[in-house]
Structure formats: structure tokens, C-alpha cells
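Chains, contacts and geometry: an overview
Listed below, chain by chain, are the residues.
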Amino acid sequence: MTTTAPVVLIAEQLAPSVLEVLGTEVEIRHVDGADRAALLPALADAAAIMIRSATQMDAEALAAAPNLKVVARAGIGLDNVDVPAATERGVMVVNAPTSNIVSAAEHAVALLLAAARQIPAADASLREGAWKRSKFMGVEVTDKTVGVVGLGRIGVLVAQRLAAFGVTLIAYDPYIQPGRAAQLGVRMVSLEELLRESDFITIHLPKTPETLGLIGAAELATTKRGVIIVNAARGGLVDEAALADALQSGQVGAAGLDVYAKEPTTDSPLFGLPNTVVTPHLGASTTEAQDKAGTAVAHSVRLALQGEFVPDAVNVQAGGVVAEDVRPGLPLAERLGQVFTAVAGGLAQSVTVEARGKIAEFDVSVLQLAVLKGVFTDVVEEPVTYVNAPLFAEQRGLDVAMSNDVESPDYRNLIAVRGVMADGTEVTVSGTLFGKNQVPKLVEVNGFDMDLDLAGYLLFFVYADRPGIVGTVGEALGAASINIAGAQVSRTNRGGEALMAVMVDSPVPSELLADIAGRIGARWARSADLDPR
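The name given to the protein chain in an unreviewed UniProt entry is D-3-phosphoglycerate dehydrogenase, and the organism recorded there is Geodermatophilus sabuli. The Function (unreviewed entry) comment attached to the protein chain in UniProt states, word for word, "Catalyzes the reversible oxidation of 3-phospho-D-glycerate to 3-phosphonooxypyruvate, the first step of the phosphorylated L-serine biosynthesis pathway. Also catalyzes the reversible oxidation of 2-hydroxyglutarate to 2-oxoglutarate." The UniProt entry for the protein chain carries the following text under Pathway (unreviewed entry): "Amino-acid biosynthesis; L-serine biosynthesis; L-serine from 3-phospho-D-glycerate: step 1/3."

So this is what it looks like as C-alpha cells:
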């Protein structure tokens, strides 16, 4: 009796080494993933599909693949994969989360050096027949202060490479412990201090509602005159119009950019300036990065088709290794992790994940991974998975523990995340699963009782309990055309402190959040983006 080899559909150009890794026990087929008319029928027999960025694996494509077990993205980003739809169909999604970090770090350093020495402009001038040495006066990197905004894996690699130039390294990252930074020879500072002290600024943050437009006109005005800025992380972290103005005025001496608010783009006020170095999102465009990405996901495809554990699975719950009674707790735990990070406003020194009730009768260790995934989702540049989340925790000095108890006085199932900050402050968030559809609910924040869906965009305000606050918040959001989907106020006692949680339909800019906090005299205000990625 013969068995049919599983079909692996390669939809985009991958490194030749991919075929070697896949081996001879699969049937390789090729298709142009960007050609929808060719892709959909080709998916009918596929057990696995390997893609890069041009192939859209949306709900329609997944529905056309009844035998599909795994979608493998040879790279980091998953914008072209409908991960929730894949999970619903039991299709594993894998990527190569570390494939391009070295290439990205090297590109940032290259942009910094090119901007410091005006290399592209000098190159263009000489090619046009002009020998103008005096026009292209550069600056040395040695003995300067370099500010690294975001000390994740790429930020660390950039810092390590720049250390060889004999620079002073400072960094802003509220989600890394100072002790860990000190081991790297980096001094942690506030964003304001970094902007004020740095001769060079290189940005390595994820794109979130909090980081979007992080460096705008007001921030650029506080920098040293002539500062050189590099953004090879995400477009939109630096306000491009404000940066163009600062480059023209000389407040910013030069800029190196690989990413833009809208991509692809060939029209930007930055492109016509002589003191910019611009590239079309080339951070991962090296032979080595593409080879690493292809071979990494090829290994994952082999493991998935063999029914074994897949280290780089983004949606581990699709792998069938989690008890059915625990699976609904995964999205709850992940969202609680996101809310915990938002409420904490920084990285805790330690976190304990507690599972109580019926769910605690099973192996709930995966809930710890789900919480960590949520904790770091809006903290690091790279997509966070159940496998790399513990690595992020280790790198940042975060101690993690798990406890479970079948006793749960108030809820059938309860998941709580408890953390201790560097100053000893405790932060807690708790949630449960409600109704036959197991809807994730937020039931507690820092001791305040809640009953709010864990979905969409959440705002939190802590303030002195008094009349008129709800109206003030609603008026401010309404004036900004932001619709309130739900709201709740909780207090420990009349006239004491109150916590207001507001669910809205669209992101709230950090400037508006701060404005509302000022209007109501909030002790703190936070936002959490739980919109599915």
C-alpha cells in the first residue's frame, strides 16, 4: 500500500537550501502566490504553504485549502496572514522571528555612518562630475553619546556594535531592568534625557498607539542642535513632517531612514532633502537573512507535518497540544498580559500567573506563555510567540512564576496576573470566561472590581472620586469623534479613589489620553490596544 506524500506549496522565491531542509518525504509544488487565480486552486491539495510577503493567506485562501496544516512565513511580519482565521481552522502559523535581527541591526549602523559622513550625497555629487570635498564635511562617531530608543534584541545588537566606536551609550526603554542594561554597558534614562543628551539617536521600538508619533516637533525641539537620527524600526514612530522641518532648519543635522508611515512610498518631504539617507525598507534584505528565514520555516514545516512540537508556532493552540478545557483561556490570558503591561506602565520585576477553578484541574502551564506573549506584544519590535516570550522575559530580567488552585470562590474559572514593580508597587489584573461562548472578561484591576469585555481599545483612569468625571471623559472622547462602546467606574469607598475603564471603538492618541487625564486630575491614565493583530 502506498501513501501519498504531503504537498508543500512554495508560493514565493525562497533560498535553495529550503528544498534540502524539506527533504524527500514531501511533494514540492510551486505557484506564484501573488497571482490569486493561480493560488486558490493550487491550495486544494496543500498540506503546507511557504510564503514571504506578497502572498495573502486570508480567510478565503484558507478556506480553499481543506488539507492545510501549516502556513510558513519566511520572515518576521505576519500582516499578510489571517492568524485568527488560521487558528479557527486548526492551521498552524509559523514564522522566523530571529532571521533578520542581525541584518536589521547592521542596516541601522550603516544608515548612521552614512548620515554622519554624508556618503550618498557625496557619491551622487561625484558621479555628476563635481569634486566638492569641502561641501561634505562629516562628523565622527567616536566619543559621542548615542541614544538607543528601545533596547530589545535589535537595539541591543546595535548598541553592541556601536560600543566598538568608543561611544557613550544611553537608552530609553521602560520595559527593561536597569541591571540588565548595565551588563550591556548602557545607562538607562528617560526619553526626555535621551533626547537632550544624545548626539546620535537610533530607534528600535514596536509600532503601537503609545509609540506612534513618539518623536514629534516638540521632542525634536529639545534635542541637541545637529543631532543625527536613524529610524530603521517602524514607520510613523517619528513624525515625518516635523522631521523634515527640523532637517531644513538644522535642528536635526541628518537622518537615516529605512521605514515610513506609508509603504511603499516614493513621495515624501524627506526624499528631497540633501541631509537624509533613505532606503526602501531594506533592513531584512540580505542574502543571509533570507536564507535563515527560509531554512528556519522549512524546519518548522517538517516538524508540523510530522506532528511534532513546532518551536516557532505563533498560534500554539492550533497544534493540538493544549487540553480543550484550557484552550479558551489562552486568548483571555494573552489579553490580560497586554492589560497588565498597560496598567503597569513599565516592566515588572516579577510576575505570577494564577489559574483558579475548573481550569486548574488540567495542565495550565501554557497559560503562563500566553500571559508573557501578551505582556511583550506591545513592548518589542518582533512578533511575540509562545516560544520566544520566555526569552524576552529572561533578557529583561523578568522573573515569572505559575500557581493554580481548583478553589475559586467567585468564578468558575479565573486567571490573575500579579506583578511587583521595581519600587515595590503591586499590579494585578484578573479575568474570567463568560457564557457559553467563553467571552473573555476583565473582572479586576489593582483591587478595583470590573465587568468589561476584554476587547477593542481600553482606557483606564485612576482619580479622586467626585461628580462630573464621566461626563468630562465622554465629552473629550466625543469631541475627538471616538465612540464609547462601554464604560465602568469602580471604587473602594465613596469619596476615595476610583478607577474608570472605558472601551472605545478606535485608538486614542497619547496626546488625547494625557489631555483627558489632565482635565480630570487623574493620578494615572493608561491605554491598552486589544484589537486583533
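Continuing now.
Structural notes on the overall build of the protein chain
Scanning the protein chain from terminus to terminus reveals 17 helices and 22 strands. Projected onto its principal axes, the C-alpha coordinates of the protein chain cover approximately 80 × 80 × 45 Å. When the 533 residues of the protein chain are sorted by exposure, 52% land in the buried category. The long-range share in the protein chain, meaning contacts at least 24 apart out of those at least 6 apart in sequence, stands at 64%. Each charge class in the protein chain was averaged separately, 41 positive and 62 negative side chains, and the resulting centres sit 3 Å apart.

Notes on the environment of Val-339
Inspection of the secondary structure assignment puts Val-339 in helix α13 (residues 329-344). Taking the C-alpha atoms as reference points, Val-339 and Ala-528, 189 residues apart in sequence, are found 5.8 Å from one another. Not counting residues up to four positions away in its chain, the partners in contact with Val-339 are Val-429, Leu-454, Leu-458, Phe-460, Ala-528 and Leu-530.

Focus: the packing of helix α5 (residues 101-117) against helix α7 (residues 153-163)
Contact geometry of α5 with α7 gives a least axis separation of 9 Å together with a crossing angle of 50 degrees. Taken together, the axes of α5 and α7 lie oblique to each other. Between α5 and α7 the crossing geometry is right-handed. Where α5 approaches α7, its residues Ile-101, Val-102, Ala-104, Ala-105, Glu-106, Ala-108, Val-109 and Leu-112 are matched on the opposing element by Ile-154, Leu-157, Val-158, Arg-161 and Leu-162. Classifying every residue of the contact of α5 with α7 by side-chain character gives 11 nonpolar, no polar and two charged.

Here we look at helix α14 (residues 365-377)
For α14, with 13 residues, the first-to-last C-alpha span of 19 Å sits near the 18 Å given by 1.5 Å per residue. The buried count for α14 comes to 10 of 13 residues, which makes it a mostly enclosed element. Of all the residues in α14, the buried ones are Val-366, Leu-367, Ala-370, Val-371, Leu-372, Lys-373, Gly-374, Val-375, Phe-376 and Thr-377. Buried residues along α14 sit in contact with α13, β13 (350-357), α15 (389-395), β14 (399-405) and β15 (413-420).

Some thoughts on unusual backbone geometry
Following Glu-263, the chain continues to Pro-264 via a peptide bond in cis, the omega torsion being -5 degrees. On the secondary structure map, Pro-264 appears in the loop between β11 (252-257) and β12 (276-278). Phi is positive for Gln-118, close to 55 degrees, though the residue is something other than glycine. Inspection of the secondary structure assignment puts Gln-118 in the loop between α5 and α6 (119-127). Although it is not a glycine, Asn-446 adopts a positive phi angle of roughly 50 degrees. With respect to the helices and strands, Asn-446 occurs in the loop between β17 (439-445) and β18 (448-453). Residue class for Asn-446 comes out partly exposed when judged on its relative accessible area of 28%.

What about α5?
For α5, which comprises 17 residues, the first-to-last C-alpha distance of 25 Å matches the rise-based estimate of 24 Å (1.5 Å per residue) to within 8%. Counting buried positions along α5 yields 12 of 17 residues, so the element is predominantly enclosed. Within α5, the full set of buried residues consists of Ile-101, Ser-103, Ala-104, Ala-105, His-107, Ala-108, Val-109, Leu-111, Leu-112, Ala-114, Ala-115 and Ala-116. Phi turns positive one or two residues past the end of α5, at Gln-118, with a value near 55 degrees.

Things to note about the sheet that holds β15
Spatial strand order, β14-β13-β15-β16-β17-β18: six strands in an open sheet with mixed pairing. Either end of the sheet is taken by a strand with one partner, and the two such strands are β14 and β18. Strand-to-strand twist in this sheet, taken as the mean axis angle between neighbours without regard to direction, amounts to 20 degrees. Here α14 sits on the sheet and contacts β13, β14 and β15; the angle it forms with β14, its principal contact strand, is near 135 degrees.

A look at the nonpolar core
Core analysis: the biggest nonpolar cluster contains 54 residues, and Val-339, Phe-340, Leu-367, Phe-376, Leu-458, Phe-460 and Leu-499 have the highest contact counts within it. A total of nine residues in this core trace back to one element, the largest contributor, which is α13. Mapped onto the domain boundaries, this core takes at least three residues apiece from domain 3 (316-454) and domain 4 (456-532). Residues within four places of Phe-460 in sequence aside, it is in contact with Val-339, Val-343, Leu-442, Val-445, Leu-499, Met-500, Ala-501, Trp-524, Ala-525, Arg-526 and Ala-528. If you look at the next biggest cluster of nonpolar residues, it comprises 32 residues, including Ala-108, Ala-114, Val-141 and Ala-171.

Quick look at the domain arrangement of the protein chain
Domain parsing of the protein chain yields domain 1 (7-98 + 288-306), domain 2 (100-278), domain 3 (316-454) and domain 4 (456-532). Contacts between the two partners involve 17 residues from domain 2, matched on the other side by 17 residues from domain 3. Of the roughly 1500 Å² buried between domain 2 and domain 3, counting both surfaces, carbon and sulfur atoms make up 49%. For domain 2, the biggest contributors to the area lost against domain 3 are Arg-153, Tyr-175 and Gln-177; these three give 51% of the whole. Across the domain 2-domain 3 interface, the total number found is three residue pairs in polar contact (both at pLDDT 80 or more).

The rules we used
Within each chain, residue numbers correspond to sequence positions counted from 1 in written order. Reporting of local features is limited, given that this is a predicted model, to residues whose pLDDT is at least 70; pairs of side-chain atoms are given and counted only at 80 or more, and all residues count toward the totals for whole chains, interfaces and linings. Hydrogens and water are ignored here; the side-chain numbers use all heavy atoms of the structure. UniProt positions are given in the numbering used here, feature names are shortened, and annotations may be inferred rather than shown by experiment. Where helices and strands are cited, they refer to DSSP runs of H or I of at least four residues and of E of at least two residues respectively, numbered from the N terminus. Exposure classes here rest on a 1.4 Å probe applied to the protein chains alone. A residue is buried below 20% of its type maximum, exposed above 50%, and partly exposed in between. Only heavy atoms matter for contacts: two residues are in contact if any of them lie within 4.5 Å across the pair. His is not counted, nor are the chain ends, whereas Lys and Arg count as positive and Asp and Glu as negative. Where a charge sits is defined by one atom per residue type, namely NZ (Lys), CZ (Arg), CG (Asp) or CD (Glu). Axis definition: a line fitted to C-alpha atoms, over the contacting stretch in the case of helices. Angles run 0 to 180 degrees between N-to-C directions. Here the word oblique covers every angle except those under 35 degrees (roughly parallel), over 145 (roughly antiparallel) and from 65 to 115 (roughly perpendicular). Whether a crossing is left-handed or right-handed is set by the direction in which the near helix is turned from the far one by less than a right angle, anticlockwise for left-handed and clockwise for right-handed. Any residue that is not Ala, Val, Leu, Ile, Met, Phe, Trp, Tyr, Cys, Pro, Asp, Glu, Lys or Arg is counted as polar, Gly included; the first ten are nonpolar and the last four charged. Helices are assigned an expected span. That span is 1.5 Å times one less than the residue count. By this definition, two strands are paired if DSSP reports at least two bridges between them. Take the buried residues of types Ala, Val, Leu, Ile, Met, Phe, Trp, Tyr and Cys, join any two whose side-chain atoms come within 4.5 Å, and each joined set is a nonpolar core. The start and end points of each domain follow an automatic or database-based domain assignment. Once two parts are put together, the accessible area they lose, assessed with a 1.4 Å probe and summed over both, is termed the buried area. Any N or O atom pair separated by 3.5 Å or less is treated as a polar contact, with the protein-specific requirement of one donor-capable and one acceptor-capable atom, and with residues adjacent in sequence counted only for side-chain atom pairs.

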